[in-house]
Amino acid sequence: MPRRTLLAGVASGLAALGTSPVLAADPRPVLHVRPGGSVQAAVDAADGPGRTILVHPGTYREVVNVPAEKVELTIRGITGDPRDVVIVHDNANGTQKPDGSGTYGTAGSATFSSAAPGLTVGDLTLANDWLRADHPDITGTQAVAAYVTGDRSYFSNVRLLAHQDTLFADTTALDSFDRQYYRNCHIEGDVDFVFGRATTVFDRCRFHTLQRDVTFTPKGMVFAPSTARANPHGILAVRSRFTSGAEDSAYKLARPWVPSYETTAWPSLVVRDSLIGPGIDPVTPYTTMRDAYPWQSMRFREYRNSGPGAAITAPAERPQLTDAEAALHTPAAYLGDWHTRPARSL
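> What is the right way to read the overall build of the protein from this model?
Along the backbone of the protein there are 5 helices and 26 strands. Burial analysis of the protein (346 residues in total) assigns 56% to the buried set. When contacts within the protein are restricted to residue pairs at least 6 apart in sequence, those whose partners lie at least 24 apart make up 69%. Carbon and sulfur atoms provide 53% of the accessible area of the protein, an area that totals close to 13,900 Å².

Take a look at the structure:
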(Lines give C-alpha, C1' and ligand atoms only; values in the text may rest on other atoms or scores of the structure.)
Protein backbone atom coordinates (compact mmCIF):
# COMPACT_ATOMS: atom_id res chain seq x y z
CA MET A 1 0.00 0.00 0.00
CA PRO A 2 1.50 3.39 -0.94
CA ARG A 3 2.21 5.67 1.98
CA ARG A 4 -0.18 8.29 0.67
CA THR A 5 -2.94 5.70 0.93
CA LEU A 6 -1.89 4.52 4.36
CA LEU A 7 -2.20 8.03 5.75
CA ALA A 8 -5.22 9.15 3.71
CA GLY A 9 -7.34 11.79 5.35
CA VAL A 10 -4.56 13.45 7.33
CA ALA A 11 -4.93 17.19 7.71
CA SER A 12 -2.23 19.02 5.76
CA GLY A 13 -0.98 22.51 4.97
CA LEU A 14 -0.83 23.64 8.57
CA ALA A 15 1.81 26.18 9.49
CA ALA A 16 4.43 25.24 12.07
CA LEU A 17 3.45 26.89 15.32
CA GLY A 18 6.42 25.94 17.44
CA THR A 19 9.10 23.37 17.97
CA SER A 20 8.40 22.50 21.59
CA PRO A 21 5.34 21.54 23.63
CA VAL A 22 3.42 24.50 25.02
CA LEU A 23 2.04 24.43 28.55
CA ALA A 24 -1.56 25.56 28.54
CA ALA A 25 -2.66 28.50 30.68
CA ASP A 26 -5.22 26.15 32.21
CA PRO A 27 -4.18 25.26 35.80
CA ARG A 28 -4.53 21.56 34.97
CA PRO A 29 -1.28 19.83 33.86
CA VAL A 30 -1.90 19.91 30.09
CA LEU A 31 0.69 20.12 27.31
CA HIS A 32 -0.17 21.10 23.73
CA VAL A 33 1.78 19.87 20.70
CA ARG A 34 1.34 21.70 17.41
CA PRO A 35 2.74 21.09 13.90
CA GLY A 36 6.46 21.68 13.93
CA GLY A 37 6.61 20.46 17.51
CA SER A 38 7.40 17.04 18.92
CA VAL A 39 5.19 14.56 20.75
CA GLN A 40 8.31 13.00 22.28
CA ALA A 41 9.35 16.39 23.65
CA ALA A 42 5.95 16.67 25.32
CA VAL A 43 6.33 13.19 26.82
CA ASP A 44 9.74 14.18 28.16
CA ALA A 45 8.26 17.38 29.62
CA ALA A 46 5.41 15.61 31.44
CA ASP A 47 6.76 15.95 34.96
CA GLY A 48 4.26 14.10 37.10
CA PRO A 49 1.55 11.45 37.13
CA GLY A 50 -1.74 12.12 35.38
CA ARG A 51 -0.43 14.58 32.82
CA THR A 52 -2.30 15.13 29.52
CA ILE A 53 -0.80 15.80 26.10
CA LEU A 54 -3.14 17.27 23.48
CA VAL A 55 -1.89 16.90 19.91
CA HIS A 56 -3.14 19.34 17.27
CA PRO A 57 -3.91 18.29 13.66
CA GLY A 58 -0.86 17.37 11.61
CA THR A 59 1.58 14.61 10.75
CA TYR A 60 4.36 14.03 13.28
CA ARG A 61 7.14 11.95 11.72
CA GLU A 62 9.01 10.74 14.77
CA VAL A 63 9.51 7.83 17.13
CA VAL A 64 7.71 8.24 20.46
CA ASN A 65 8.68 6.32 23.59
CA VAL A 66 6.75 6.58 26.86
CA PRO A 67 8.95 5.25 29.69
CA ALA A 68 7.56 3.41 32.69
CA GLU A 69 7.84 6.40 35.03
CA LYS A 70 5.29 8.43 33.02
CA VAL A 71 2.44 6.99 35.05
CA GLU A 72 -1.21 7.68 34.09
CA LEU A 73 -0.23 9.72 31.04
CA THR A 74 -2.91 10.67 28.49
CA ILE A 75 -2.06 11.41 24.85
CA ARG A 76 -4.88 12.30 22.51
CA GLY A 77 -5.72 14.16 19.33
CA ILE A 78 -7.51 17.39 20.02
CA THR A 79 -10.20 17.18 17.31
CA GLY A 80 -11.63 13.76 18.15
CA ASP A 81 -11.03 12.50 14.59
CA PRO A 82 -8.09 10.05 14.53
CA ARG A 83 -7.34 10.92 10.89
CA ASP A 84 -6.43 14.47 11.86
CA VAL A 85 -3.43 13.53 14.02
CA VAL A 86 -0.87 11.03 12.72
CA ILE A 87 2.30 9.88 14.46
CA VAL A 88 4.33 7.91 11.90
CA HIS A 89 7.80 6.55 11.24
CA ASP A 90 9.37 3.89 9.04
CA ASN A 91 11.77 1.58 10.87
CA ALA A 92 11.65 -2.20 10.38
CA ASN A 93 13.15 -5.13 12.24
CA GLY A 94 16.02 -5.29 9.72
CA THR A 95 16.66 -1.54 9.48
CA GLN A 96 20.20 -0.63 10.48
CA LYS A 97 20.52 1.80 13.37
CA PRO A 98 22.26 5.08 12.53
CA ASP A 99 25.01 4.41 15.09
CA GLY A 100 25.98 1.14 13.39
CA SER A 101 25.17 -0.97 16.46
CA GLY A 102 22.94 -3.36 14.55
CA THR A 103 19.32 -3.53 13.51
CA TYR A 104 16.30 -2.34 15.44
CA GLY A 105 14.63 -5.73 15.92
CA THR A 106 10.89 -6.17 16.01
CA ALA A 107 10.07 -4.28 19.21
CA GLY A 108 12.66 -1.62 18.43
CA SER A 109 11.03 -0.87 15.08
CA ALA A 110 7.92 0.56 16.75
CA THR A 111 6.81 4.07 15.91
CA PHE A 112 5.14 4.32 19.33
CA SER A 113 6.14 2.36 22.43
CA SER A 114 5.06 2.54 26.05
CA ALA A 115 5.86 0.74 29.29
CA ALA A 116 3.89 3.16 31.44
CA PRO A 117 1.06 1.85 33.62
CA GLY A 118 -2.26 3.63 33.26
CA LEU A 119 -1.54 4.96 29.78
CA THR A 120 -4.50 6.42 27.84
CA VAL A 121 -4.26 7.10 24.09
CA GLY A 122 -7.16 8.41 22.05
CA ASP A 123 -8.37 10.06 18.85
CA LEU A 124 -5.21 9.73 16.77
CA THR A 125 -3.34 7.48 14.34
CA LEU A 126 -0.19 5.47 15.05
CA ALA A 127 1.45 4.22 11.86
CA ASN A 128 4.54 2.55 10.49
CA ASP A 129 4.73 3.20 6.75
CA TRP A 130 7.80 1.06 6.02
CA LEU A 131 7.15 -0.92 2.85
CA ARG A 132 8.70 -4.22 1.76
CA ALA A 133 8.75 -3.11 -1.87
CA ASP A 134 11.00 -0.17 -1.00
CA HIS A 135 13.56 -2.40 0.76
CA PRO A 136 14.02 -5.69 -1.11
CA ASP A 137 17.39 -6.17 0.61
CA ILE A 138 15.85 -6.36 4.11
CA THR A 139 14.53 -9.73 5.28
CA GLY A 140 13.41 -8.62 8.73
CA THR A 141 10.18 -7.11 7.48
CA GLN A 142 8.35 -6.71 10.78
CA ALA A 143 7.52 -3.01 11.15
CA VAL A 144 5.54 -2.20 14.29
CA ALA A 145 3.17 0.74 14.69
CA ALA A 146 2.76 0.33 18.47
CA TYR A 147 4.65 -1.74 21.05
CA VAL A 148 2.69 -1.60 24.29
CA THR A 149 3.54 -3.01 27.72
CA GLY A 150 2.49 -1.80 31.14
CA ASP A 151 -0.72 -2.61 33.00
CA ARG A 152 -3.97 -0.72 32.32
CA SER A 153 -3.09 0.59 28.87
CA TYR A 154 -6.23 2.03 27.27
CA PHE A 155 -6.65 2.94 23.59
CA SER A 156 -9.88 4.54 22.37
CA ASN A 157 -10.73 5.63 18.82
CA VAL A 158 -7.18 4.99 17.63
CA ARG A 159 -6.10 3.87 14.15
CA LEU A 160 -3.12 1.48 14.13
CA LEU A 161 -1.70 1.14 10.62
CA ALA A 162 1.14 -0.99 9.29
CA HIS A 163 1.67 -4.26 7.44
CA GLN A 164 3.50 -6.97 9.39
CA ASP A 165 3.26 -6.91 13.21
CA THR A 166 1.20 -3.73 13.47
CA LEU A 167 0.37 -4.02 17.18
CA PHE A 168 2.73 -5.74 19.62
CA ALA A 169 0.57 -6.13 22.75
CA ASP A 170 3.09 -7.43 25.25
CA THR A 171 3.88 -7.37 28.97
CA THR A 172 6.64 -5.84 31.06
CA ALA A 173 7.94 -9.28 32.10
CA LEU A 174 7.41 -12.93 31.21
CA ASP A 175 5.54 -13.55 34.46
CA SER A 176 3.45 -10.35 34.31
CA PHE A 177 -0.20 -10.41 33.16
CA ASP A 178 -0.44 -6.76 32.13
CA ARG A 179 -3.85 -5.69 30.81
CA GLN A 180 -4.66 -3.67 27.69
CA TYR A 181 -8.06 -2.43 26.52
CA TYR A 182 -8.77 -1.25 22.96
CA ARG A 183 -12.19 0.26 22.28
CA ASN A 184 -13.55 1.51 18.94
CA CYS A 185 -10.13 1.13 17.30
CA HIS A 186 -9.19 0.39 13.68
CA ILE A 187 -6.25 -2.01 13.28
CA GLU A 188 -4.93 -3.09 9.89
CA GLY A 189 -2.08 -5.12 8.46
CA ASP A 190 -1.23 -8.38 6.75
CA VAL A 191 1.00 -10.79 8.72
CA ASP A 192 0.43 -11.48 12.46
CA PHE A 193 -0.64 -7.90 12.82
CA VAL A 194 -2.00 -8.28 16.36
CA PHE A 195 0.40 -10.32 18.50
CA GLY A 196 1.94 -10.71 21.94
CA ARG A 197 1.32 -12.11 25.43
CA ALA A 198 -0.67 -9.34 27.13
CA THR A 199 -4.17 -9.84 28.51
CA THR A 200 -5.81 -7.85 25.76
CA VAL A 201 -9.45 -6.91 25.14
CA PHE A 202 -10.61 -5.53 21.79
CA ASP A 203 -14.12 -4.13 22.17
CA ARG A 204 -16.01 -2.88 19.10
CA CYS A 205 -12.83 -2.76 17.04
CA ARG A 206 -12.31 -3.24 13.32
CA PHE A 207 -9.58 -5.57 12.06
CA HIS A 208 -8.81 -4.95 8.39
CA THR A 209 -6.64 -7.26 6.30
CA LEU A 210 -4.78 -5.60 3.44
CA GLN A 211 -4.37 -6.61 -0.16
CA ARG A 212 -0.92 -8.13 -0.55
CA ASP A 213 0.95 -8.66 -3.81
CA VAL A 214 1.89 -12.32 -3.33
CA THR A 215 0.89 -15.46 -5.21
CA PHE A 216 0.38 -17.71 -2.18
CA THR A 217 -2.34 -18.12 0.41
CA PRO A 218 -2.85 -17.53 3.18
CA LYS A 219 -1.58 -14.04 2.60
CA GLY A 220 -1.38 -13.56 6.33
CA MET A 221 -3.04 -13.85 9.73
CA VAL A 222 -4.80 -11.39 11.99
CA PHE A 223 -3.71 -12.69 15.41
CA ALA A 224 -0.58 -14.39 16.73
CA PRO A 225 -0.99 -14.64 20.52
CA SER A 226 1.88 -15.81 22.74
CA THR A 227 0.04 -16.01 26.07
CA ALA A 228 1.93 -17.31 29.09
CA ARG A 229 0.77 -20.75 30.20
CA ALA A 230 -0.09 -19.49 33.69
CA ASN A 231 -2.32 -16.72 32.33
CA PRO A 232 -5.98 -17.76 31.98
CA HIS A 233 -6.65 -14.80 29.69
CA GLY A 234 -4.99 -13.98 26.39
CA ILE A 235 -6.56 -12.02 23.52
CA LEU A 236 -10.32 -11.38 23.51
CA ALA A 237 -12.08 -9.78 20.55
CA VAL A 238 -15.73 -8.97 21.26
CA ARG A 239 -18.41 -7.10 19.32
CA SER A 240 -15.85 -6.45 16.59
CA ARG A 241 -15.66 -6.58 12.78
CA PHE A 242 -13.24 -8.31 10.44
CA THR A 243 -13.02 -6.73 6.99
CA SER A 244 -10.62 -7.15 4.09
CA GLY A 245 -9.16 -5.43 1.07
CA ALA A 246 -8.08 -8.80 -0.31
CA GLU A 247 -10.00 -11.56 -2.04
CA ASP A 248 -12.28 -13.95 -0.19
CA SER A 249 -10.63 -16.50 2.12
CA ALA A 250 -7.16 -14.99 1.60
CA TYR A 251 -6.46 -14.67 5.33
CA LYS A 252 -6.47 -16.82 8.46
CA LEU A 253 -7.91 -15.62 11.71
CA ALA A 254 -4.88 -16.66 13.76
CA ARG A 255 -1.85 -18.81 14.33
CA PRO A 256 -0.10 -19.46 17.66
CA TRP A 257 3.25 -17.85 18.40
CA VAL A 258 5.48 -19.76 20.82
CA PRO A 259 8.65 -17.64 21.05
CA SER A 260 12.06 -19.29 21.29
CA TYR A 261 12.62 -17.36 24.53
CA GLU A 262 9.36 -18.64 26.08
CA THR A 263 8.72 -22.17 24.84
CA THR A 264 6.19 -22.83 27.63
CA ALA A 265 3.76 -20.28 26.14
CA TRP A 266 0.19 -21.49 25.60
CA PRO A 267 -1.43 -19.01 23.20
CA SER A 268 -5.00 -18.02 23.99
CA LEU A 269 -7.51 -16.31 21.67
CA VAL A 270 -11.28 -15.90 21.91
CA VAL A 271 -13.29 -14.19 19.18
CA ARG A 272 -16.93 -13.77 20.13
CA ASP A 273 -20.09 -11.92 19.13
CA SER A 274 -18.26 -10.51 16.13
CA LEU A 275 -18.92 -10.10 12.41
CA ILE A 276 -16.32 -11.94 10.34
CA GLY A 277 -16.28 -10.99 6.67
CA PRO A 278 -15.40 -13.12 3.63
CA GLY A 279 -11.70 -12.23 3.77
CA ILE A 280 -11.20 -14.86 6.48
CA ASP A 281 -11.08 -18.50 5.37
CA PRO A 282 -14.23 -20.04 6.93
CA VAL A 283 -13.21 -23.66 6.37
CA THR A 284 -9.78 -23.58 8.03
CA PRO A 285 -9.48 -20.23 9.84
CA TYR A 286 -6.44 -21.28 11.91
CA THR A 287 -2.99 -22.43 10.94
CA THR A 288 0.23 -23.50 12.64
CA MET A 289 3.39 -21.39 12.83
CA ARG A 290 5.71 -24.25 13.85
CA ASP A 291 5.01 -27.97 13.62
CA ALA A 292 6.07 -28.48 17.23
CA TYR A 293 3.19 -26.25 18.37
CA PRO A 294 0.05 -27.14 16.37
CA TRP A 295 -2.83 -24.72 16.67
CA GLN A 296 -5.14 -27.53 17.77
CA SER A 297 -3.22 -27.78 21.05
CA MET A 298 -3.73 -24.08 21.80
CA ARG A 299 -6.55 -22.17 23.50
CA PHE A 300 -8.35 -20.96 20.37
CA ARG A 301 -12.13 -20.59 20.71
CA GLU A 302 -15.07 -18.75 19.16
CA TYR A 303 -18.60 -17.94 20.28
CA ARG A 304 -21.69 -16.62 18.49
CA ASN A 305 -19.87 -15.05 15.57
CA SER A 306 -21.66 -14.20 12.33
CA GLY A 307 -20.85 -13.37 8.70
CA PRO A 308 -19.47 -15.43 5.81
CA GLY A 309 -16.06 -15.79 7.45
CA ALA A 310 -17.67 -17.34 10.54
CA ALA A 311 -19.54 -20.16 8.78
CA ILE A 312 -18.93 -23.51 10.46
CA THR A 313 -18.51 -26.17 7.79
CA ALA A 314 -15.96 -28.32 9.62
CA PRO A 315 -16.61 -28.11 13.39
CA ALA A 316 -13.21 -29.52 14.31
CA GLU A 317 -11.60 -26.53 12.58
CA ARG A 318 -13.60 -23.98 14.58
CA PRO A 319 -13.66 -24.86 18.32
CA GLN A 320 -16.57 -23.13 20.06
CA LEU A 321 -17.11 -22.08 23.67
CA THR A 322 -20.06 -23.49 25.55
CA ASP A 323 -22.44 -20.98 27.15
CA ALA A 324 -20.88 -21.72 30.53
CA GLU A 325 -17.37 -21.20 29.18
CA ALA A 326 -18.40 -17.97 27.45
CA ALA A 327 -19.29 -16.46 30.80
CA LEU A 328 -15.59 -16.66 31.69
CA HIS A 329 -14.49 -14.79 28.57
CA THR A 330 -15.83 -11.27 28.92
CA PRO A 331 -14.13 -7.87 29.19
CA ALA A 332 -14.95 -7.83 32.93
CA ALA A 333 -13.35 -11.24 33.47
CA TYR A 334 -10.20 -10.26 31.57
CA LEU A 335 -9.77 -6.79 33.04
CA GLY A 336 -10.70 -7.63 36.62
CA ASP A 337 -10.59 -4.79 39.17
CA TRP A 338 -9.64 -2.31 36.46
CA HIS A 339 -12.96 -2.97 34.73
CA THR A 340 -14.86 -2.00 37.88
CA ARG A 341 -13.24 1.42 37.67
CA PRO A 342 -14.02 2.59 34.12
CA ALA A 343 -11.16 4.12 32.19
CA ARG A 344 -11.08 7.88 32.14
CA SER A 345 -13.34 9.55 29.62
CA LEU A 346 -11.56 10.96 26.64
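Additional details are given in the paragraphs that follow.
> Is there a simple way to explain the confidence of the model for the protein in this structure?
Mean pLDDT over the protein: 92, with 90% of residues reaching 70 or higher. Segment residues 1-6 is flagged for pLDDT under 50; beyond a separation of four residues in sequence, or across chains, it makes 17 contacts in the model. Per-residue pLDDT stays below 50 along residues 22-26; that stretch engages in 8 contacts with residues further than four places along the chain or on separate chains.

> I would appreciate a short explanation of the side chain of Asp-281 in the present structure.
Inspection of the secondary structure assignment puts Asp-281 in the loop between strand S25 (275-276) and strand S26 (299-303). Its relative accessible area of 12% is what places Asp-281 among the buried residues. Looking at Asp-281, its side chain comes within polar contact range of the side chain of Lys-252, at 2.9 Å. Polar side-chain contacts of Asp-281 include one of 2.7 Å to the side chain of Thr-284.

> For this particular structure, what's the right way to read the sheet that holds strand S10 (residues 125-128)?
Backbone-to-backbone hydrogen bonds pair the strands of a sheet. The strands run either parallel or antiparallel. Strand order in the open sheet formed by 8 strands is S4-S7-S10-S13-S16-S19-S22-S25, with parallel pairing between adjacent strands. Bordering the open sheet on either side are strand S4 (58-61) and S25, each of which pairs with just one other strand. As judged from the 4 bridges shared by strand S7 (residues 85-89) and S10, these two strands associate in the parallel manner. Within S10, the position partnered with His-89 by the bridge is Asn-128.

> Would you mind showing me how to read the pattern of salt bridges here?
In this structure the tally under the stated criterion is 17 salt bridges. With its nearest N and O atoms 2.8 Å apart, the salt bridge here joins Glu-72 to Arg-152. Remark: Arg-152 occurs in the loop between strand S11 (146-148) and strand S12 (153-156) and Glu-72 occurs in the loop between strand S5 (64-66) and strand S6 (74-77); sequence separation between them is 80 residues. Owing to a relative accessible area of 24%, Glu-72 belongs among the partly exposed residues under this scheme. Residue Arg-152 is classed as partly exposed on the basis of its relative accessible area, which comes to 21%. Across the pair Asp-273 and Arg-304 runs a salt bridge, and its minimum N-O distance is 3.0 Å. Pair noted here: Asp-273 is in the loop between strand S24 (268-272) and S25 and Arg-304 is in the loop between S26 and helix H4 (323-326), with a separation of 31 residues, a long-range link. Taking relative accessible area as the criterion, Asp-273 reaches 23% and is therefore assigned partly exposed. Counted as one network, the salt bridges with shared partners bring together Arg-183, Asp-203, Arg-204 and Arg-239.

Each value, and the rule that gives it
- Residues numbered from 1 in each chain as written.
- Predicted model: local features only at pLDDT ≥ 70, side-chain atom pairs only at ≥ 80, totals over all residues.
- Heavy atoms only, no water.
- Helix = DSSP H or I, 4+ residues; strand = E, 2+ residues; numbered from the N terminus.
- Buried < 20%, exposed > 50% of the residue type's maximum accessible area, 1.4 Å probe, protein only.
- Contact = heavy atoms within 4.5 Å.
- Areas by Shrake-Rupley, 256 points an atom, 1.4 Å probe, with all protein chains shown as cover.
- pLDDT = per-residue confidence, 0-100.
- Polar contact = N/O pair within 3.5 Å; in protein donor to acceptor, adjacent residues only side chain to side chain.
- Pairing = 2+ DSSP bridges.
- Salt bridge = Lys/Arg side-chain N within 4 Å of Asp/Glu carboxyl O.

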